Amino acid sequence: MWGRSECPPTASAGAARLAETPGRERAIGRVAREPLHACLNAFERSSEVLGLSQTVAAQAEEKGTESTMTSVREQEAINRLLEFLQEWDNGNKAARSRILNDFITLNQGKTGPELEQEFSQGGSLFLARLTTWLRLSFMFGTCLSELLKAISIFLSAVSGFFRALMRKAGQDFLCKNLQLFIFLPDSSRYLLEFVEIGGILTLLEILGLKDLKDENKTQALKLLQIMANAGRKYKELICESYGVRGIAECLAKSGIEEIQEQAQHLLESLAHGNPKYQNQVYRGMIAVLPCTCPRAQQLTLQSLQIVQPIVKTAHNSIVEALLDLLQTMHLEVQFEALQMIKALVHYNVRSSLLSGLVILLKPSLKEKEKIRPKILDEPSMSHLSASLPVFMQQAAAAKAIGMLVEESLDICEELIRLRVVHHLLYAMGNLFHADSQRQASFSLATNADTMYVNMDMVQADILVSNKVNIPESLLGERKVKESREKSE
């Protein structure tokens, strides 16, 4: 090493002066004792900071590149949407039909977010075009089936969350408890837009057109069902648009079972969770009962048995409609009518219903001379009497009374006060209709299986002209008893 007054040969003059200062020994000692790795660590830390800054700069540059690429892709998607809409706007009937078929094939069952992704957040623009063309062309039937199916894809679109819930809970469960769920933003927006353009009125007008295909009416009913399932406000909008009348007429007049069943389900749906218009739906169902279509009558009676507990109070017009239905020659309709009568005795129309049934046991001459039903005009039915519907009504009334007396003792007493025994004996004497005799015998708890078979003209005449009046007899016995008590 060097001496106290020496400097290294390569030292500069400044270093030599520093060595000559009094504290040079301490300074040189500190430098000598400082570990070499400390300097290296400092250098590494500075290198890490530099490297981190370079990484951040690289990431920022990459993000900017990705953002630019995203913007480019979005612009390309928007351009494709504009080209698609322009193709629709400029297309003729054949071109639009092709577009609709392609749309239906590619987008059936998609959710709302999926549709928005398909249309670059512009699905509403295409839905508006579909609805507008529907309103302009539905009377001519131009691509009507394809239009309704395409609109159905939008209105039935649900969110991905709702679809996952359907997979987990099961479609049947959700269909039965649909009122517990709400449509999420995408489908709800489509529904609102369809309503604002006048979609409900257009669908109801489709139901009223006679020349359209049955397939189109079925699809229109399905669209209305989708809207009814979306919540109370849509049910109210349908009812406010005179939808109950249009749907009920479709049920009564259509001869296609699929249309009738779809209309029945829709009316039931409108009656549930719709307190403002549930009575209107109920009366609309009653208005269907006098129609001439047995299938429509049967479906309506089934729905009334479901809706009646909802409205709670029975409308007076249902009594006459039900009693008239007992003339039917279709046993499936008679069965549903009897079930409805059995349910109505627990409501406010019980008295009028029971008195009406008793009156039917003894039909008047005017009733017998009523116009023959159309079924009797068929060649195979020409031998039947014009009074047959009245006699069938008589037998059905006797059958209904036999069912009701088993319900409660109160009903029995009320029927006895209405002289039901006298009227049942009269029905037993009807030699022109064996079923009337049989059902009346069952209600009176007589030997129904053999009594009417062995009955002769004299016995029948006695039954027809009977003067039995049990209430008066009971009253007379009571007066006799009271007089005896007084005399004693």
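Before any of the text, the structure's been laid out above.
All values derive from a computational prediction rather than experimental measurement.

## Regarding the pattern of salt bridges
Line of reasoning, step 1. Summed over the entire model, instances satisfying the criterion amount to 14 salt bridges.
Line of reasoning, step 2. Here Arg232 and Glu236 are joined by a salt bridge, their closest N and O atoms 3.0 Å apart. Taken as a pair, Arg232 and Glu236 lie in helix α13 (residues 232–240) at a separation of four residues, close to a single helical turn.
Line of reasoning, step 3. The closest approach of N and O atoms between Arg350 and Glu414, which form a salt bridge, is 3.3 Å. Taken together, the positions of Arg350 in helix α20 (residues 350–360) and Glu414 in helix α23 (residues 409–417) put the pair 64 residues apart, joining distant regions of the chain.
Line of reasoning, step 4. If you follow the salt bridges from partner to partner, you end up with Glu87, Arg98 and Asp102 in one network.

## Quick word on the environment of Leu325
Line of reasoning, step 1. Within the secondary structure layout, Leu325 lies in helix α18 (residues 317–325).
Line of reasoning, step 2. The buried category is assigned to Leu325, whose relative accessible area is 6%.
Line of reasoning, step 3. Separated by 36 residues in sequence, Leu325 and Leu289 have C-alpha atoms that sit 7.6 Å apart.

## Overview of the packing of aromatic side chains
We describe a pair of aromatic rings using the distance from one ring centre to the other and the angle between the two ring planes.
Line of reasoning, step 1. One pass over the structure, following the stated rule, counts eleven aromatic pairs.
Line of reasoning, step 2. Judged by centre distance (5.3 Å) and plane angle (70°), the rings of Phe103 and Phe126 are edge-to-face. One end of the pair, Phe103, is in helix α4 (residues 93–107); the other, Phe126, is in helix α6 (residues 123–137), and 23 residues separate them in sequence.
Line of reasoning, step 3. Relative accessible area serves as the criterion here: at 0%, Phe126 is assigned to the buried category.

## Examining the packing of α4 against α6
Line of reasoning, step 1. Two numbers describe how α4 lies on α6: the axes approach to 13 Å, and their chain directions differ by 125°. As judged from the angle between their axes, α4 and α6 are oblique. The two elements α4 and α6 meet at a crossing, and its hand is left-handed. Contacts between α4 and α6 involve Arg96, Ile99, Leu100 and Phe103 on the former and, on the latter, Phe126, Leu130 and Trp133.
Line of reasoning, step 2. Here the contact of α4 with α6 is composed, by residue class, of six nonpolar, no polar and one charged.

## Some details on helix α17 (residues 294–311)
An α-helical turn contains 3.6 residues, so a residue and the one three or four places further along point in the same direction.
Line of reasoning, step 1. Along its 18 residues, α17 runs 25 Å from first to last C-alpha, staying within 8% of the 26 Å computed at 1.5 Å per residue.
Line of reasoning, step 2. Maximal helix bending in α17 amounts to about 30°, located at Gln305; proline Pro309 follows within four positions.
Line of reasoning, step 3. Within the sequence span of α17, burial applies to Ala296, Gln297, Gln298, Leu299, Thr300, Leu301, Ser303, Leu304, Val307, Gln308 and Val311.
Line of reasoning, step 4. Once α17 finishes, Lys312 follows within two positions and takes phi at roughly 70°, a positive value.

## A look at the environment of Phe154
Line of reasoning, step 1. With respect to the helices, strands and loops of the structure, Phe154 is situated in helix α7 (residues 144–155).
Line of reasoning, step 2. Of the residues examined, Phe154 reaches a relative accessible area of 0% and is grouped as buried.
Line of reasoning, step 3. When the C-alpha positions of Phe154 and Gln108 are compared, they lie 9.4 Å apart, and in sequence the two are 46 residues distant.
Line of reasoning, step 4. If we skip the residues at most four places from it in the chain, Phe154 touches Phe103, Leu115, Phe119, Gly123, Phe126, Leu127, Leu130 and Tyr190.

## Focus on a nonpolar patch on the surface
Line of reasoning, step 1. A surface patch of nonpolar side chains, amounting to about 170 Å² of accessible area, comprises Ile416, Val468 and Ile470.
Line of reasoning, step 2. Checked against the element boundaries, Val468 lands in the loop between α26 (457–464) and α27 (470–487).
Line of reasoning, step 3. Judged by its relative accessible area of 31%, Val468 is partly exposed.

## Concerning unusual backbone geometry
Line of reasoning, step 1. One non-glycine residue, Tyr242, adopts positive backbone phi at about 60°.
Line of reasoning, step 2. The backbone phi angle of Lys312 is positive, close to 70°, even though this residue is not glycine.
Line of reasoning, step 3. Assignment of secondary structure puts Lys312 in the loop between α17 and α18.
Line of reasoning, step 4. Note on Lys312: relative accessible area 60%, which makes it exposed.

Rules and cut-offs
Residues numbered from 1 in each chain as written. Predicted model: local features only at pLDDT ≥ 70, side-chain atom pairs only at ≥ 80, totals over all residues. Heavy atoms only, no water. Salt bridge = Lys/Arg side-chain N within 4 Å of Asp/Glu carboxyl O. Helix = DSSP H or I, 4+ residues; strand = E, 2+ residues; numbered from the N terminus. Buried < 20%, exposed > 50% of the residue type's maximum accessible area, 1.4 Å probe, protein only. Phe/Tyr/Trp six-rings, centres within 6.5 Å; stacked < 30°, edge-to-face > 60°. Axes fitted to C-alpha atoms, helices over the stretch in contact; angles between N-to-C directions. Parallel < 35°, antiparallel > 145°, perpendicular 65-115°, else oblique. Left-handed = near helix turned anticlockwise from the far one by under 90°. Contact = heavy atoms within 4.5 Å. Nonpolar A, V, L, I, M, F, W, Y, C, P; charged D, E, K, R; others polar. Expected span 1.5 Å × (residues − 1). Bend = angle between axes of the 7 residues up to and from the residue. Patch = residues over 30% accessible without salt bridge, like charges linked within 9 Å, V, L, I, M, F, W, Y side chains within 5 Å. Areas by Shrake-Rupley, 256 points an atom, 1.4 Å probe, with all protein chains shown as cover.

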